[in-house]
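# Inside the fold
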Amino acid sequence: MPMRKVMKGNEAAAWAAKLAKPKVIAAFPITPSTLVPEKISEFVADGELDAEFIKVESEHSAISACVGASAAGVRAFTATASQGLALMHEILFIAAGMRLPIVMAIGNRSLSAPINIWNDWQDTISERDTGWMQFYAENNQEALDLILIAFKVAEDERVLLPAMVGFDAFILTHTVEPVEIPDQEVVDEFLGEYVPKHAYLDPARPITQGSLGFPAHYMEARYKVWEAMENAREVIKEVFDEFEKKFGRRYHMIEEYKTEDAEIILLTMGSLAGTLKDFVDKKREEGVKIGAAKMTVYRPFPIEEIKALAKKAKVLAILEKNVSFGIGGAVFADASRALVNEKEKPILLDFILGLGGRDVTFEQLEEVVEISKKALEGEKVEEINWIGLRKEIL
Amino acid sequence: MAESPFKADIERVQKEYSEKMTPGAIVYIPGSSVVNKTGSWRVFMPKFNKDKCVRCFLCYTLCPEPAIYLDEESYPVFDYDYCKGCGICANECPTKAIEMVRESK
């Protein structure tokens, strides 16, 4: 029987790692993710997880050790956030290019400067071009589930790409929620052992990994990564189906909430989706035709799902905790790509909020709705809006 | 002329080698870098004067490629398929039996 325990998001991630039985965990502590490797090291020390726990001197080394382990042919896991993820940057490309299905938990945190340890998504969003799949969890249960799902998708032979699972710093990493821990046997059935056909070390089969790619071959190798990420769309859906059959919880590329007759749809990722559902309920009571949508998978970007969602809305408002300076929010830019050649599309608006741990309040969401309503009535509004700014100190 | 000691390897690799891109660009044929004829990088080419050679083997020992092997009489043979033209052999040759000559292509 699955066990229900009350735990922090970081513990849920550690439990997911324990259930996935990685052979190597290499990690370096960083707020807010430190508890993940800390808890895993306890599992290893207590003999509950048979794995090599490698203590390293930096995040660059942590991910490098995972690359080495995965290239040797075993399941590898790590966790980090913010500056730590940024320090991993160059190796992230290498892990994807070498097609190593490493899974990493991220307590989504802002980037310096100024130094800030609180939540936004700038860390993972900034790694969107590395070739890693990206999943975002709304709550601690999703953090656990999505790590198991990430392993299954990453190790699929049609994919063979690493994956990161983000869950909001403090809002989830340090908040205690009830989490259902699946049975080990069911997880074993679901995941199986990682037995790679492409990358493993065997003296009887000498191979070269991570070699030089001349201009005559580099582009084809990169195209293979592109193809794998495209394949991931279908594989993720298959794995979501299988996950539901095994564990009873349903995941979607984009999960919709009260969107059927909605004029305004608020699209977001992560824990903010929970806030939006409550907000939508309140606005529905006031008679506003509004819905919400949660993007669980950010890479590969759910292009078809965005198109389908857009057909239901007159205004698609994107609420995101990141900014790409000089253009706007990353999700807004990506959603624009999904809709650019559609004949009919809603008005797309971008709302940048909640950076560096600023709480997203109902007052801020009211402002989002006000601007969206103006756009709906044909009034000209800004495409990119910073919400909740303390204008008095600017 | 003596044969390259790597001839069998080169032939084996050429037979097995495929350009087909693998996931992760992994190379599954050991020693397959021989298909990459690094001699095409060369600008200066070692020109060998047998009359001056004292068979000291310095060029043979120091060639980093190695693109120099020895014939039946222990004279050096230059493998221009792989010689990158670094000039170490000419620089080290005590009798100046090797001269680097600009190659026009």
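Please read these numbers as outputs of a predicted model, since none were measured by experiment.

## Details of the overall build of chain A
- Within chain A one finds twelve helices and 15 strands.
- In summary, chain A has a C-alpha radius of gyration of 21 Å against a globular reference of 21 Å for 394 residues, a match within 12%.
- Overall, the C-alpha framework of chain A stretches about 70 × 50 × 45 Å when taken along its three principal axes.
- The proportion of buried residues among the 394 residues of chain A is 50%.
- For chain A, contacts bridging at least 24 residues in sequence account for 79% of all contacts bridging at least 6.

## Regarding the sheet that holds strand 7 (residues 163-168) of chain A
All names here are of chain A.
- Here we have seven strands laid out as an open sheet, ordered 3-2-4-5-7-6-12, and mixed in their pairing. The strands lining the two open edges of the sheet, one partner per strand, are strand 3 (52-55) and strand 12 (297-299). Going across the sheet, the axis of each strand differs from the next one's by a mean of 20°, ignoring polarity.
- Pairing geometry for strand 4 (residues 76-80) and strand 5 (residues 103-108), over four bridges, is parallel. Bridging from a neighbouring strand, Phe77 pairs with Val103 of strand 5.
- Across the face of the sheet, helix 1 (residues 9-20) comes into contact with strand 2 (24-27), strand 4, strand 5 and strand 7 while running at roughly 170° to strand 4.

## Details of helix 1 of chain A
Residue and element names in this part refer to chain A.
- Look at helix 1: 17 Å from first C-alpha to last across twelve residues, which is about the 16 Å you get at 1.5 Å a residue.
- Along helix 1, twelve of the twelve residues are buried, which leaves the element largely enclosed by surrounding structure.
- Of the positions making up helix 1, those classed as buried are Gly9, Asn10, Glu11, Ala12, Ala13, Ala14, Trp15, Ala16, Ala17, Lys18, Leu19 and Ala20.
- One or two residues past the end of helix 1 sits Lys21, with phi positive at roughly 50°.

## A look at the sheet that holds strand 15 (residues 384-386) of chain A
All names here are of chain A.
- The strand order 9-11-10-13-14-15 describes an open sheet built from six strands, whose pairing is mixed. Where the open sheet ends on each side, the last strands, each with one partner, are strand 9 (254-257) and strand 15. Strand after strand, the sheet turns through a mean of 25° between neighbouring axes, direction not considered.
- Direction of pairing for strand 10 (residues 264-268) relative to strand 11 (residues 290-295): parallel, over a ladder of five bridges.

## Here we look at the interface of chain B and chain A
- Between chain B and chain A, the contact holds nine residues from the first and 16 residues from the second.
- Taken together, the residues that form the side of chain B that touches chain A break down as seven nonpolar, two polar and no charged.

## A word on the environment of Arg75 of chain A
All names here are of chain A.
- Looking at the element boundaries, Arg75 is found in the loop between helix 3 (59-72) and strand 4.
- With 26 C-beta atoms counted inside 10 Å, the residue Arg75 sits in the buried group.
- The spacing of Arg75 and Val239 is 164 residues in sequence and 18 Å in space, taken between C-alpha atoms.
- Apart from residues lying up to four places away in sequence, Arg75 is in contact with Ala20, Lys21, Pro22, Lys23 and Tyr194.

## Looking at the domain arrangement of chain A
All names here are of chain A.
- Taken domain by domain, chain A consists of domain 1 (3-247) and domain 2 (254-393).
- Listing elements by their share of the side of domain 1 that touches domain 2, those giving two or more residues are helix 5 (122-125), strand 6 (133-136), strand 7 and helix 8 (218-247).
- At five residues, the largest contribution of residues to the side of domain 1 that touches domain 2 is made by helix 8.
- Broken down by class, the residue content of the side of domain 1 that touches domain 2 amounts to 14 nonpolar, eight polar and six charged.

## Topic: unusual backbone geometry
- The residue after Ala113 of chain A, namely Pro114 of chain A, is reached through a cis peptide bond having omega -5°.
- Residue Glu65 of chain B is joined to Pro66 of chain B through a cis peptide bond whose omega torsion reads -10°.
- Summarising the element assignment, Pro66 of chain B is placed in the loop between helix 2 (58-62) and strand 2 (68-70).
- Positive phi, normally seen in glycine, also occurs at Arg99 of chain A, with a value near 60°.
- Note on placement: Arg99 of chain A falls in the loop between helix 4 (82-97) and strand 5.
- Residue Arg55 of chain B is not a glycine yet carries a positive backbone phi of 55°.
- With respect to the helices and strands, the residue Arg55 of chain B is situated in the loop between strand 1 (44-48) and helix 2.

## Here we look at the confidence of the model for chain B
Residues and elements named next belong to chain B.
- Per-residue confidence for chain B averages 93 on the pLDDT scale, and 98% of its residues sit at or above 70.
- Mean pLDDT per element in chain B: helix 1 (residues 7-16) is the minimum at 88, and helix 3 (residues 88-92) is the maximum at 98.
- Both confidence scores are given for the complex: pTM 0.94, ipTM 0.90.

## Thoughts on the environment of Val195 of chain A
- With respect to the helices and strands, Val195 of chain A occurs in the loop between helix 7 (184-191) and helix 8.
- A C-alpha to C-alpha distance of 51 Å links Val195 of chain A and Glu366 of chain A, two positions 171 residues apart in sequence.

## Some remarks on the confidence of the model for chain A
- Summing up the model confidence of chain A, the mean pLDDT is 98 and the portion of residues at 70 or higher is 100%.
- By mean pLDDT, strand 1 (residues 3-8) of chain A is the weakest element of chain A at 97, and strand 6 of chain A is the strongest at 99.

## Quick look at the nonpolar core
Residue and element names in this part refer to chain A.
- Within the largest apolar cluster, 128 residues are counted, with the highest numbers of intra-cluster contacts made by Ile147, Ala150, Val165 and Ala317.
- The element best represented in this core is helix 6 (residues 140-155), accounting for ten residues.
- Inspection of this core shows a minimum of three residues originating in each of domain 1 (3-247) and domain 2 (254-393).
- Discounting residues that sit within four places of it in the chain, Ala150 has contacts with Val103, Met133, Phe135, Ala163 and Val165.

## Quick notes on the packing of helix 1 of chain A against helix 6 of chain A
Residue and element names in this part refer to chain A.
- At a minimum axis distance of 8 Å, the contact between helix 1 and helix 6 shows a crossing angle of 30°. Comparing the axis directions of helix 1 and helix 6 gives the class roughly parallel. Relative to helix 6, the crossing made by helix 1 is right-handed. Each of Gly9, Ala12, Ala13, Trp15, Ala16, Ala17, Leu19 and Ala20 in helix 1 lies in contact with helix 6, whose residues at this interface are Asn140, Ala143, Leu144, Ile147, Leu148 and Phe151.
- Across the contact of helix 1 with helix 6, the residue classes tally to twelve nonpolar, two polar and no charged.

How each quantity is defined
Each chain has its residues counted from 1, following the order in which its sequence is written. Each chain gets a letter, beginning with A, and each ligand a number, beginning with 1, in the order they are written. Two thresholds apply to this predicted model, a pLDDT of at least 70 for residue-level local features and 80 or more for giving and counting side-chain atom pairs, whereas whole-chain, interface and lining totals are computed over all residues. Strands are runs of DSSP state E lasting at least two residues, helices are runs of H or I lasting at least four, and both sets are numbered from the N terminus onward. Computation of the radius of gyration draws on C-alpha atoms, with the globule rule given as 2.2 Å multiplied by the number of residues to the power 0.38. The burial label depends on the number of other C-beta atoms within 10 Å of a residue's C-beta. Counts of 20 or more mean buried, 12 or fewer mean exposed, and intermediate counts mean partly exposed, with C-beta atoms placed from the backbone. For the purpose of contact definition, each residue receives a C-beta atom placed from its backbone, and two residues are in contact when these atoms lie within 7 Å. Note: two strands are recorded as paired if DSSP finds a minimum of 2 bridges between them. Fitted lines through C-alpha atoms serve as axes, helices being fitted only where they are in contact, and the angles separating the N-to-C directions of these axes extend from 0 to 180 degrees. Expected span of a helix: the number of residues minus one, times 1.5 Å. Under the grouping applied here, Gly and all other residues not named as nonpolar or charged are polar, the nonpolar ones being Ala, Val, Leu, Ile, Met, Phe, Trp, Tyr, Cys and Pro and the charged ones Asp, Glu, Lys and Arg. Residue ranges for the domains originate in an automatic or database domain assignment. Here pLDDT means the predictor's own confidence in every residue, given as a number from 0 to 100. Put simply, a nonpolar core is buried Ala, Val, Leu, Ile, Met, Phe, Trp, Tyr and Cys residues tied into one set by C-beta atoms within 7 Å. Angles below 35 degrees are treated as roughly parallel, those above 145 as roughly antiparallel, those between 65 and 115 as roughly perpendicular, and all remaining angles as oblique. Should the near helix be turned anticlockwise from the far one by less than a right angle, the crossing is left-handed, and should it be turned clockwise, the crossing is right-handed.

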